[in-house]
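Examining the three-dimensional arrangement
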Amino acid sequence: MIDLRVLRENPDLIRRSQELRGESTRLVDDLASADTAHRNALQRYESLRAEQKQFGKKVSAASGDEKQQLLARTRELSGAVKAAENAVTTAAEALRNAQFAIPNLVEEGVRPGGEDDYTVLREVGEIRTPDPCRDHLELGELLGAIDMERGARTSGARFGYLTGVGAQLQLGMLQLAVQYALEHRFTPMIPPVLVRPDAMAGTGFLGAHAEEVYYIERDDLYLVGTSEVPLASYHSGEILDLTEPRRYAAWSTCFRREAGSYGKDTRGIIRVHQFDKVEMFSYCRPEDAAAEHERLLAFEEDMLGKMELPYRVIDTAAGDLGSSAARKYDCEAWLPSQQRYLELTSTSNCTTFQARRLGVRYRDEDGKPRTAATLNGTLATTRWLVALLENHQRPDGSVYVPKALQPFVGREVLEPVG
RNA sequence: GGAGGAUUCGCCUAGUCCGGUCUAUGGCGCCCGCCUGCUAAGCGGGUUUGCGGUUAAUCCCGCAUCGAGGGUUCAAAUCCCUCAUCCUCCGCCA
């Protein structure tokens, strides 16, 4: 949710941001007029209401004929107040809609353009193409680690079983991520994955992403596509002490409908309806947000380093940002079987956009409540197994387990099963 | 699934039966000042949040805010309805 103060004082800032994203600047004018209309309606209502309250006092003090006369007057006022109140409600709703229509202000330095206009910040590690090069599903089946066929039988397309060493590998990786988070003073969390409409809407996932979300109609609950949702909602309506950023790392299962991605990544576990993830989430002061964003990115890179994977870091272009993100960095690992990069992590700085809607605040030096900033990022997720298997495969079909993972997985090499 | 009780400005709490003097009581905590060898105590004042008006900023003024949303009424913390959450009990079940 955009700050209306910015709209009033510096609307060009919002216009420029809209241009960078390739979105309409007319929405900014719409919002401005909705804001004015709302304020006018409010003022009309408030002065009428003040008058009504004054009369109310007189009524209670008066008696007899005098009281009857006053009552006649207040009855008229009452109608006017109700009408004015309705006008405010309508105007407020229009304002809210106009406000939701505008995505977050893009951070300084983000390039314009769409999905393909990212900037590569760096490439880390050495790209190698194994020979023979098996893809992750072939390897997963060879190792008895992934079973998509039975997954489909049980649950349909884009569902799978992680079996044996596959399950071990994922559990080990996620545990390593949690331990890493603990070392860096995150509070580990296991959040609910079914959430109320408020929580889902508050994080902005019922807007453009609405089609992506599983909904349990009978109980009016949503299945989260990322623990960002319960983590953002965790402190909603609260005033926090943010002298230091508050960091949470949540381990959860994630559910995505993957509507509109028909035919894309249909093989294996690259894109599935259900996966597990350890997600980082920070609440901090807005002035600390950019630095915190760099920190989250560094944590992600650290983890990818522990996985011994070659990857690159990209700075997403404005048009490819989510609606609440002001800036987004993705880490993409090399995928030998497809000779391309695959997104393994994504960290977004949502500045105050998300927190404003959720009512998450902190007290500044003067003790005044101010809207906090929120950030999120991936610390490990099921998809990483794809990169691990493919990059660490050996000619005989066995797969090397990275040093950092070995204690968690309990072995150094995954061997094909007979 | 059913019955009853609860939800008030950081925490506790009065008020709800019987609508208007509630501009929400008192205590604790916290902040400022006075007093004082120091500390404590004592005394005085302040202390929800949001929006709007005004302002250089403060101040000040108005409106809203008593779990949420509706309704009744000239007027709602107070009456009615729906919902949420918590507690107690009954039933059912992994």
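Throughout this document, residue positions are counted from 1 along each chain, in the order its sequence is written. Whichever chain is written first becomes A and whichever ligand is written first becomes 1, with later ones labelled in order. In keeping with the model being predicted, local features are shown solely for residues with a pLDDT of at least 70 and side-chain atom pairs are shown and tallied solely at 80 or more, while totals for entire chains, interfaces and linings include all residues. Calculated side-chain values reflect all of the structure's heavy atoms, with hydrogen atoms and water omitted.

Before going further, it helps to spend a moment on the packing of aromatic side chains. Here a Phe, Tyr or Trp ring, Trp counted by its six-membered ring, pairs with any other such ring whose centre lies within 6.5 Å, and the pair is stacked when the planes are under 30 degrees apart, edge-to-face when over 60, and tilted otherwise. Evaluation of the coordinates by the stated rule reveals 7 aromatic pairs. Summarising the aromatic geometry, the rings of Tyr180 and Phe299 are spaced 6.0 Å apart at their centres and angled 75 degrees between planes, so their arrangement reads as edge-to-face. Here the residue Tyr180 occupies a position in helix α7 (residues 165–183), and Phe299 occupies one in helix α10 (residues 289–306), the gap between them amounting to 119 residues. Here Tyr180 matches Phe299 in class, with each residue buried. Secondary structure elements follow DSSP: runs of H or I of four or more residues count as helices, runs of E of two or more count as strands, with numbering from the N terminus. The classification of residues rests on relative accessible area computed with a 1.4 Å probe and restricted to protein chains. Under 20% of the type maximum is buried, over 50% is exposed, and intermediate values are partly exposed.

Glancing now at unusual backbone geometry. Residue Pro132 follows Asp131 across a cis peptide bond; omega there is 0 degrees. Tracing the backbone shows Pro132 in the loop between β1 (119–124) and α5 (136–143). In the Ramachandran plot, Arg158 falls in the positive-phi region, its phi being about 65 degrees despite a non-glycine side chain. Topologically, Arg158 is positioned in the loop between α6 (148–155) and β3 (161–162). You will see that Glu258, though not glycine, has its phi angle at about 55 degrees, which is positive. With respect to the element layout, Glu258 can be found in the loop between β9 (246–255) and β10 (274–284).

With that settled, the discussion passes to the UniProt feature "binding site: L-serine" (unreviewed entry) in chain A. When the UniProt feature table is mapped onto this chain, "binding site: L-serine" (unreviewed entry) is found at Thr226, Ser227, Glu228, Arg256, Glu279, Asn376 and Thr378. By the secondary structure assignment, Ser227 is in the loop between β7 (221–223) and α9 (228–234). Locating Thr378 in the fold gives a position in strand β16 (residues 373–381). Assessed through its relative accessible area of 7%, Thr378 is described here as buried. In this description, contact between two residues means that some pair of their heavy atoms is separated by no more than 4.5 Å. When residues no more than four places from it in sequence are discounted, the contact partners of Thr378 are Lys277, Val278, Glu279, Met280, Glu300, Leu344, Thr345 and Ser346. UniProt positions are given in the numbering used here, feature names are shortened, and annotations may be inferred rather than shown by experiment.

Of the grid points, spaced at 1 Å and generated over the protein atoms alone, those admitting a 1.4 Å probe that cannot get out make up cavities, while open sets with protein on both sides within 12 Å along at least five of seven lines make up pockets; any residue with an atom within 4 Å of a point is treated as lining. Grid points are joined across faces, edges and corners, and a volume is the space filled by probe spheres set on the points. Approximately 420 Å³ is the volume found for the second largest pocket. Lining the second largest pocket are 21 residues, with Leu13, Leu105, Val106, Glu107 and Glu108 positioned closest to its centre. Elements with a minimum of two residues in the lining of the second largest pocket: α2 (11–21) and α11 (353–358). It is α2 that provides the largest number of residues to the lining of the second largest pocket, a total of 4 residues. Note: domain ranges come from an automatic or database domain assignment. Summarising the domain contributions, the lining of the second largest pocket has at least three residues from each of domain 1 (4–100) and domain 2 (119–414).

Quick look at the nonpolar core now. Buried together is how nonpolar side chains tend to be arranged in soluble globular proteins. Among the buried residues, those of types Ala, Val, Leu, Ile, Met, Phe, Trp, Tyr and Cys that are joined through side-chain atoms within 4.5 Å form a nonpolar core. Counting residues in each nonpolar core, the largest one holds 56 residues, and the members touching the most others are Met173, Met303, Met307, Leu379 and Leu405. When residues of this core are assigned to their parent elements, the largest contribution, 9 residues, is made by α7. The contacts of Met173, once residues within four sequence positions are left out, are Met303, Met307, Ala380, Thr381, Thr382, Trp384, Leu385, Leu388 and Leu405. Ranked by size, the runner-up nonpolar core spans 14 residues in total, among them Leu242, Ala250, Leu358 and Ala372.

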